[in-house]
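Chain and residue survey
Now for the letters of each chain:
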Amino acid sequence: MASTETETRQSYLVFACGSSWYAVPAECAAEVVSFPELTRVPGAPGHLLGVFAHRGEVIPVVDMSMLVSGESEPTRRAVLVRLTRGTLALTASRVAGVSQVDGRLEPLGINGVHLHLRGPARSAQRDVAVIDPEGLFDHLSQGV
């Protein structure tokens, strides 16, 4: 029987924001940073904490916990996700490092941010939601 599900076994940077664990493709995870005081963006949605300058680039900081669950998780660390169209900083309260992730990468929802989170997936020791960075970038670019 043919499966329409996509299975994966690739390297990902695994990190948590609050009690939820996420994984981004290792080739997109540029670095983990402690971000400075942020510049607020007037009229921005609650999950956009602000922006900061890093190595000549202005980078938006997205509170992953607020974006996914609607509850903020205070942290001063973030994973920089670099794409050809730009860079995002996704908040991280803990970083587990790079590991293999196994699983079926089906969208975890039918709309909103959950359309860009994939699973079920598992890293070495925990369940993770795999982030589709291009899809998340598109979603956030729509001002949602």
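Residues numbered from 1 in each chain as written. Predicted model: local features only at pLDDT ≥ 70, side-chain atom pairs only at ≥ 80, totals over all residues. Heavy atoms only, no water.

1. Things to note about the pattern of salt bridges
All told, the structure shown has seven salt bridges when counted by the stated rule. A salt bridge links R82 to E57; the nearest nitrogen and oxygen atoms lie 2.8 Å apart. Note that R82 is positioned in strand β6 (residues 77-83) and E57 in strand β5 (residues 57-62), a separation of 25 residues in sequence. Note on R82: relative accessible area 30%, which makes it partly exposed. Its relative accessible area of 24% is what places E57 among the partly exposed residues. Residues R85 and D138 are paired through a salt bridge, measuring 2.4 Å at the closest nitrogen-oxygen approach. Taken together, the residues span a long stretch of sequence, with R85 in the loop between β6 and β7 (86-91) and D138 in helix α2 (residues 133-141) at a distance of 53 residues. Among the residues examined, R85 registers a relative accessible area of 41% and is labelled partly exposed. (Salt bridge = Lys/Arg side-chain N within 4 Å of Asp/Glu carboxyl O. Helix = DSSP H or I, 4+ residues; strand = E, 2+ residues; numbered from the N terminus. Buried < 20%, exposed > 50% of the residue type's maximum accessible area, 1.4 Å probe, protein only.)

2. Examining unusual backbone geometry
With an omega of 0°, the peptide bond running from G119 to P120 counts as cis. Along the chain, P120 falls in strand β9 (residues 117-122). At R55, a position not held by glycine, the phi torsion is positive, near 50°. Looking at the element boundaries, R55 is found in the loop between β4 (48-54) and β5.

3. A look at the confidence of the model for the protein
For the protein, the mean per-residue pLDDT works out to 91, and 93% of the residues sit at or above 70. Note on residues 1-5: pLDDT under 50 across the span, and four contacts to partners over four residues away in sequence or across chains. (pLDDT = per-residue confidence, 0-100. Contact = heavy atoms within 4.5 Å.)

4. Observations concerning the environment of P107
The topology assignment puts P107 in strand β8 (residues 94-107). Given a relative accessible area of 33%, P107 falls into the partly exposed group. Sequence separation between P107 and R118 is 11 residues, and the spatial gap between their C-alpha atoms is 4.5 Å. Beyond its immediate stretch of four places on either side in the chain, P107 contacts H114, L115, L117 and R118.

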